[in-house]
Amino acid sequence: MQRILIATSNQGKLRDFAGAAAPHGIEIALLANYASLPEVKEDGDTFEANARKKAEHYSRHAAGEIVLADDSGLEVNALGGAPGVHSARYAAEQPHLLSNNTDDQANNARLLRELKKVPPENRAGRFVCVIAAARDGEILAVFRGQAEGMILDRPRGSNGFGYDPLFYSPRIKKTFAELTPEEKATYSHRGEAFRKFISWSIDQR
Ligand code: ITT
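These numbers come from a predicted model, not from an experiment.

Cut-offs applied
- Every residue gets a number counted from 1 within its own chain, in the order that chain's sequence is written.
- Confidence filtering applies because this is a predicted model: local features only for residues at pLDDT of at least 70, side-chain atom pairs given and counted only at 80 or more, and all residues used for totals across whole chains, interfaces and linings.
- Excluding hydrogens and water, the side-chain values take into account all heavy atoms of the structure.
- Buried Ala, Val, Leu, Ile, Met, Phe, Trp, Tyr and Cys residues that are joined via side-chain atoms within 4.5 Å together make up what is termed a nonpolar core.
- Type-normalised accessible area, obtained with a 1.4 Å probe on protein chains alone, sets the label of each residue: buried when under 20%, exposed when over 50%, and partly exposed for intermediate values.
- Starting at the N terminus, helices and strands are each numbered in turn, a helix being any DSSP run of H or I of at least four residues and a strand any DSSP run of E of at least two.
- In what follows, a contact means two residues having at least one pair of non-hydrogen atoms within 4.5 Å.
- Two strands pair under a simple rule: DSSP has to find at least two bridges between them.
- By convention in these notes, a residue is near a molecule or strand provided one of its non-hydrogen atoms lies within 4 Å of it.
- Here a polar contact is taken to be a pair of N or O atoms separated by no more than 3.5 Å, where protein atoms must pair a possible hydrogen donor with a possible acceptor and residues adjacent in sequence count only if both atoms sit in side chains.
- All accessibility values rest on the Shrake-Rupley procedure with a 1.4 Å probe; residue burial counts only the protein chains present in the view.
- In this analysis a 1.4 Å probe is tested at points of a 1 Å grid over the protein atoms alone, and where it fits but cannot get out there is a cavity; an open set with protein on both sides within 12 Å along at least five of seven lines is a pocket; lining residues have an atom within 4 Å of a point.
- Being in a pocket or cavity means that more than half of the molecule's atoms lie within 2 Å of its grid points.
- Axes, fitted as lines to C-alpha atoms, cover a helix only where it is in contact. Angles between the N-to-C directions of the axes lie from 0 to 180 degrees.
- Only centres within 6.5 Å qualify two rings of Phe, Tyr or Trp (six-membered ring in Trp) as a pair; their planes then separate them into stacked at under 30 degrees, edge-to-face at over 60, and tilted for everything else.

Caption draft 1: Summary view of the nonpolar core. Ranked by size, the top nonpolar core spans 20 residues in total, and within it I28, L68, I131, F143, F194 and F197 carry the most contacts. Counting only elements with at least two residues in this core, the list comes to β1 (2–6), α1 (11–21), β2 (26–30), β4 (124–135), β5 (138–151) and α5 (189–204). Setting aside residues up to four positions removed in sequence, L68 forms contacts with I4, L5, I6, A7, I131, A132, A133, F194 and F197. Among the nonpolar cores identified, the runner-up in size contains 15 residues, and L74, V76, Y163 and F167 belong to it.

What follows is the structure, given as structure tokens:
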């Protein structure tokens, strides 16, 4: 069985990757010693810039292996594309409200606050995921996936992570937190980007 290394601190992403990889008979593994490696400063203006930075950096710690890194987030039209590349730390940008910068609940609470006066017809947004593949510090390729939806005014569902409970997909008529891992792999931004990676890796053989 082929094994793909992922560099991430986010368990939700890892589960998504495992769900997307399973139908292809691919095993997903966290990069060895990930937690003890030096961190990358995610200061890029775009998902692609940050994904490249992470993949380049972490692939130096897995000699000869392909390492994937994902930079992703939610873009809401009514908020001018926010939280965007700041999705993971959205609530922490208001430090008086929060001390833990990876708190999904606090991020969701801020999103609801920002959209409080925005009617349903103007709550469109999308999840974006950019996956960068690198080996020994060299970027090999970059893959983008996108999922359109709308932001609800209260959470629904208990699967997934991050903004999933607030993100309603008209395609499947559920929030992303109501999806099984198989459904999330089929309909999500990450699933789409990962499928593009799979096609690319088949072409490389
Ligand atoms: P790594 O950089 O270590 O991979 P991270 O969580 O910091 O983990 P990002 O900087 O890419 O990753 O931020 C992604 C954030 O966007 C994530 O924390 C969620 O808040 C949100 N997000 C991305 N994909 C999502 C998904 O599929 N469902 C829900 N929220 C998602």
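Moving on from the coordinates now.
Caption draft 2: Looking closely at the pairing of β4. Most of β4 sits out of view: 10 of its 12 residues are buried. Bridge count between strand β3 (residues 66–76) and β4: 11 bridges; the pairing is antiparallel. Following the sheet pairing, E75 is matched in β4 by R126. Bridge count between β4 and β5: 12 bridges; the pairing is antiparallel. Each residue of the ladder has a partner; that of V130, found in β5, is R144. The antiparallel pairing of β4 with β5 creates a hairpin that spans two residues between the two strands, and D136 there sits at a positive phi of about 50°.

Caption draft 3: Focus on the site of the ligand. For the ligand, the set of nearby residues contains 22 residues, the closest of which are T8, S9, K54, D164 and K184. In this structure, a nitrogen atom belonging to the ligand sits 3.2 Å away from a main-chain N or O atom of Y163. Considered on its own, the ligand offers 620 Å² of accessible surface; in the complex 95% of this is hidden by protein. According to the grid-proximity analysis, the pocket containing the ligand is the largest pocket. Of all the secondary-structure elements, those providing two or more residues to the shell around the ligand are α1, β3 and α5.

Caption draft 4: Structural detail: the sheet that holds β2. Strands sit in the order β2-β1-β3-β4-β5-β6-β7 across an open sheet of seven strands; the sheet is mixed. A single partner strand is all that each edge strand has here, and the edge strands are β2 and β7 (174–175). Each of β1, β2, β3 and β4 touches α1; the most contacted strand, β2, lies at about 165° to it. Contacting β1, β2, β3, β4 and β5, α5 crosses the sheet at an angle of about 150° to β5.

Caption draft 5: A look at the packing of aromatic side chains. Using the criterion set out here, one finds nine aromatic pairs in the structure. Note on Y34 and Y58: the rings are 5.0 Å apart at their centroids and 35° apart in plane angle, and the pair reads as tilted. Remark: Y58 occurs in helix α2 (residues 47–59) and Y34 occurs in the loop between β2 and α2; sequence separation between them is 24 residues. Of the two residues, Y34 and Y58, both sit in the buried class. Between F194 and F197 the ring centres are 5.6 Å apart and the planes differ by 45°, which places this aromatic pair in the tilted class. Within this pair, F194 and its partner F197 are both found in helix α5, separated by three residues, close to a single helical turn. F194 gets classed as buried once you look at its relative accessible area, which sits at 0%.

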